[in-house]
Amino acid sequence: MGLAIAASACAPRPSPYPDLTPLAVSAQLGERNLCGLGVSPAVSIANRPDGVANYRIKITNIDALLHTPWETTVPASAGGIAAGAARDYQAPCPGEFQNHRYRLEVLALDGSGRPVGYGSTLLAAQPLAVLVRKRSGGALPEPATPQQQPTPQDSPLDLLTGRDRDRGTLPPIIGPDYGR
């Protein structure tokens, strides 16, 4: 019985709209699409039915217990949704060392607002540590040696960037003096 449960957990998620035309949706989250940088991702949509006027997009963090999905409606175009088309985009922010997966859902609406197609895909967001490394053009610092163990005043970002908190090159993020 344990195998049946594991196998069902790996099965594709059934469509909440089985009567609608299935859309082939694909997208990727890059550095421009994360943490408040403000650029909604480009979304490729294939198998689009005729008469689509708008797309309702929804992004849900499926790895967070408490998460309010971001949702908006954008005008439809032939190939999908262009990068930056969603002006009210609320970018996901996965955290310094956390991998998060997001479900991107697209509901195609006709001119009267009736759903005519649906598709979804999973997106992965790289941890902020990876993005910091890419921005700096270098590798992450070596792990702390026993004599360099973090203190309560050190933040993960201090260790990640190799910045010395005592020299004042990075403000404290956690610790007893937080918020002062």
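What counts, and at which threshold
Residues numbered from 1 in each chain as written. Predicted model: local features only at pLDDT ≥ 70, side-chain atom pairs only at ≥ 80, totals over all residues. Heavy atoms only, no water. Salt bridge = Lys/Arg side-chain N within 4 Å of Asp/Glu carboxyl O. Helix = DSSP H or I, 4+ residues; strand = E, 2+ residues; numbered from the N terminus. Buried < 20%, exposed > 50% of the residue type's maximum accessible area, 1.4 Å probe, protein only. Pairing = 2+ DSSP bridges. Phe/Tyr/Trp six-rings, centres within 6.5 Å; stacked < 30°, edge-to-face > 60°.

K.L.:
I keep staring at the pattern of salt bridges and nothing clicks. Help me out?
P.N.:
It is possible for side chains bearing opposite charge to pair when their charged atoms get close. Enumeration over the complete set of coordinates arrives at 2 salt bridges. With its nearest N and O atoms 2.7 Å apart, the salt bridge here joins Asp-63 to Arg-101. A residue pair is termed long-range when its members are at least 10 positions apart, and Asp-63 in the loop between strand E4 (52-61) and strand E5 (70-75) and Arg-101 in strand E7 (residues 100-110) qualify at 38 residues. Classification of Asp-63 as partly exposed rests on a relative accessible area of 33%. Take Arg-101: its relative accessible area is 41%, and that puts it in the partly exposed class. In this structure, Arg-114 engages Asp-110 in a salt bridge whose closest nitrogen and oxygen atoms are separated by 3.2 Å.

K.L.:
What's the story with unusual backbone geometry in this structure? I'm lost.
P.N.:
Phi is mostly negative for residues that are not glycine, and the peptide bonds are mostly trans. Phi at Asn-47 is positive, roughly 65°, even though this residue is not glycine. Inspection of the secondary structure puts Asn-47 in the loop between strand E3 (43-46) and E4. What makes Asn-47 partly exposed here is its relative accessible area of 48%.

K.L.:
Would you mind going over the sheet that holds strand E2 (residues 24-27) with me for this structure?
P.N.:
Remark on secondary structure: sheet strands pair via backbone hydrogen bonds, oriented parallel or antiparallel. Here we have 3 strands laid out as an open sheet, ordered E2-E3-E6, and antiparallel in their pairing. Strand pairing shows two members of the sheet lacking a second neighbour, E2 and strand E6 (80-81), which therefore form its edges. The pairing of E2 with E3 spans 4 bridges and is classified as antiparallel. Bridge pairing links Val-25 to Ile-45 in E3.

K.L.:
Could you clarify how one ought to interpret the pairing of E5 in this entry?
P.N.:
A one-sided burial pattern is seen for E5, the buried positions being Trp-70, Thr-72 and Val-74 and the unburied ones Glu-71, Thr-73 and Pro-75. As paired strands, E4 and E5 are joined by 6 bridges and run antiparallel to one another. Paired with Arg-56 across the two strands is Thr-73, which belongs to E5.

K.L.:
How should the packing of aromatic side chains be read in this particular structure?
P.N.:
The geometry of an aromatic ring pair is captured by two quantities: the separation of the ring centres and the angle between the planes. Under the definition given, this model contains 2 aromatic pairs. Here the aromatic rings of Tyr-17 and Tyr-118 are separated by 5.1 Å at their centres, their planes lie at 55°, and the arrangement is tilted. Separated by 101 residues along the polypeptide, Tyr-17 in the loop between helix H1 (2-10) and strand E1 (21-22) and Tyr-118 in strand E8 (residues 115-125) bring together distant segments of the chain. Ring geometry for Trp-70 and Tyr-89: centres 5.2 Å apart, planes at 90°, overall edge-to-face. Taken together, the positions of Trp-70 in strand E5 and Tyr-89 in the loop between E6 and E7 put the pair 19 residues apart, joining distant regions of the chain. Here the two residues Trp-70 and Tyr-89 agree in accessibility, since each one is buried.

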